[in-house]
Amino acid sequence: MEAMARILMKMMGIMLWLMVLIAMAVGEDVKYKDPKQPVAVRIKDLMSRMTLEEKIGQMVQIDRLTASPDIMQTYCIGSVLSGGGSAPLPKASAEDWVNMINGFQNGSLSSRLGIPMIYGIDAVHGHNNVFNATIFPHNIGLGATRDPDLVKRIGSATALEVRATGIPYVFAPCIAVCKDPRWGRCYESYSEDHKVVEAMTEMIPGLQGDIPVNSRKGVPYVGGKKKVAACAKHFVGDGGTTKGINENNTVIDKHGLLSIHMPAYSDSIIKGVSTIMVSYSSWNGEKMHANHELITGFLKNTLKFKGFVISDWQGIDRITSPPHANYSYSVQAAIQAGIDMVMLPFNHTEFIDDLTYLVKSNVIPMDRINDAVGRILLVKFTLGLFENPLADLSLVNELGSQAHRDLAREAVRKSLVLLKNGKNETDPLLPLPRKVSKILVAGTHADNLGYQCGGWTIQWQGFSGNGYTRGTTILGAIKSTVDPSTEVVFQENPDSKFIKDNNFAYAIIVVGEPPYAETAGDSMDLTMLDPGPSVISNVCKTVKCVVVVISGRPIVIEPYLSSIDALVAAWLPGTEGQGLADALFGDYGFTGKLPRTWFKNVDQLPMNVGDPHYDPLFPFDFGLKTKPAPDIVRRSTSAGIIGRPYALFLMVSVIFSLCFIG
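Residues numbered from 1 in each chain as written. Predicted model: local features only at pLDDT ≥ 70, side-chain atom pairs only at ≥ 80, totals over all residues. Heavy atoms only, no water.

If you check an unreviewed UniProt entry, the chain appears there as Lysosomal beta glucosidase from Populus euphratica.

Encoded structure:
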């Protein structure tokens, strides 16, 4: 009996010891999942549990076309993205996006450690891949506003629309300093002046939220479930390539690189930017994706950036020429340079195998892997992904909301730059009268929503026509603004006879560039889309005309300038064409200023303010101003600045009279 009791006591002791061990293990597990723990403790705890394979998986970003719940679970994939125009299905709703992303996330959560993935998307002028989203003016137009607060509000609105679809991470803003308009990404740059670009980094606190007071420099910050992680891009010098050729070589000394192309990155880091994307371009012949001096030495060590560095789409493949020629070398060069997350987006097994081999062969030290994974996890913890990994439908009504469309309309009218107003100073054409017998609207861009949005809209290269998303064309805006008695006649390319046979009070001609993105937009001649020149010639020689240029950059306009009565640079305004009508008809004055120099001819390029050979058609910072039309002032102030004192005067008079009568 005593022996049995001793055996039972031993068994109870063993069971108690096992329970203590289990409790300790559970307690440790809770550590990285416990939001009350400091983030550094959570990262250290989680990384201590991760295998090499799980760590390398976190460094991988794959495209949604490659992803599946099983792949997310099996490889512990760190991130998924939508490439340009990649959506769950045509005209997908916010619910469709949420359901797709949660499907991938459930795969990640079912992995051994349940590390959530982070989904990223290009949202470079609003949530531009998504049907029914608000499309804001491209960055060049925002640069023309000189209004950092407006840009911050646009960032906040964009974050809401992105979160409405279940996405917590955007590849924006582009903070390139475009030095040559021949570059196909020039419209993604706010200005040729780095100071304007620096000011517009207010997009980052708009997207992410304002960093807390006394926040440590370089530490990523995202202020809750209505904000997103931002990505400053493309590090560094992408706007300074020779002849503006995309992905080309930027030839400049270190002082020039640091004084022109680097300041906006320093500002972005101070504002808590979460990630930074590396440029395809080279600096003095060295590929940025392999540049240890700038990525690790300057960005991480000097500027103290604590977020993660991400490659561009297949960026490491392009370290070699031809791309992918020596992939193992490219993996080694990119990771050793300091890239933390690699946008593959399709060959994840090849990358994983090569990087695993390089680490196990002691070519790449484990410290470099741990640095990368620690940075990735820091952003994920900062985003609250461990607490709220799955998206819900609580914000779906934010997508394309009227408030955001009103904000975009404000941005459009503030971005417009008036370059000419009347053939002489005493006879301005703008603002246009609303009530006339008949007006002509002409040109390739007058009734084409895709053209006025530009590239990176619904599809990577943009689209043509009005059927791909919702918005207001310039023609639609004009029709809704003029007096009901005014007849609006639209002909895209009217001939001289038609113009002479009609008694038009004036004409609005809308011409410009077709949509494009990246290399497809590189242009050595910078001419407008045909038949733009002939439309200007045919119309302006017969009728008073205002020409509106829809373009991602200055284009050749000097040969036609003398025949034009009024000229407006409208850039790529996005879905809210009503903002243009607001200024044309005098609801608001023109206030925009050129964010870049408007050349006379392409032989002058590159030409930037301050150059010895500076001889522009319109200089940097140029922009004529107008005041709202007098009838608009009366109407808008009748209940405002003038109206309120007048109402007060009437009230006092009535009270005084009553007192006197009494």
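(A) View of the overall build of the chain. Of the regular secondary structure elements, the chain holds 23 helices and 17 strands. Relative to the compact-globule value of 26 Å for 662 residues, the chain shows a C-alpha radius of gyration of 29 Å, a close match. Residue burial in the chain is summarised as follows: out of 662 residues, 58% are buried. Taking as baseline every contact in the chain between residues at least 6 positions apart, the subset at least 24 positions apart corresponds to 77%. (Helix = DSSP H or I, 4+ residues; strand = E, 2+ residues; numbered from the N terminus. Rg over C-alpha atoms; globule rule 2.2 N^0.38 Å. Buried < 20%, exposed > 50% of the residue type's maximum accessible area, 1.4 Å probe, protein only. Contact = heavy atoms within 4.5 Å.)

(B) A look at the nonpolar core. Of all hydrophobic cores here, the largest spans 123 residues; its most connected members are Phe235, Phe351, Leu355 and Leu377. Residue contacts for phenylalanine 351: discarding those within four places in its chain leaves Ile56, Val60, Ile316, Tyr327, Val331, Ile335, Val342 and Leu344. Grouped together as the second largest cluster of nonpolar side chains are 69 residues, Trp456, Ile478, Val535 and Leu561 included. (Core = buried A, V, L, I, M, F, W, Y, C linked by side-chain atoms within 4.5 Å.)

(C) Quick look at the pairing of strand S15 (residues 507–512). For S15, a buried count of six out of six residues is recorded, marking the element as mostly surrounded by other parts of the structure. The alternating pattern of S15 places Ala507, Ile509 and Val511 on one face and Ile508, Val510 and Gly512 on the opposite face, and all of these are buried. Where strand S13 (residues 438–442) and S15 come together, three bridges link them in parallel fashion. Along S15, the bridge assignment pairs valine 441 with isoleucine 508. Both S15 and strand S16 (residues 545–550) contribute to a ladder of six bridges, which runs parallel. Directly across from glycine 512, in S16, lies its bridge partner isoleucine 550. One crossover worth recording links S15 to the parallel S16 by way of helix H20 (residues 532–540), and it is right-handed. (Pairing = 2+ DSSP bridges. Right-handed = clockwise from strand over helix to strand, strands pointing away.)

(D) Up close: helix H18 (residues 474–481). Among the residues of H18, those classed as buried are Ile474, Leu475, Ala477, Ile478 and Thr481. Across the axial projection of H18, the buried residues extend over an arc of 160 degrees, all falling on one side. (Arc of directions from axis to C-beta.)

(E) Structural view of the pattern of salt bridges. Under the defined criterion, the tally for this structure stands at 32 salt bridges. Its salt-bridge partner being lysine 152, residue aspartate 210 comes within 2.8 Å of it at the nearest N-O pair. Of this pair, aspartate 210 sits in the loop between helix H9 (203–208) and strand S5 (231–235) while lysine 152 is found in helix H7 (residues 148–164), placing the two residues 58 residues apart along the sequence. (Salt bridge = Lys/Arg side-chain N within 4 Å of Asp/Glu carboxyl O.)

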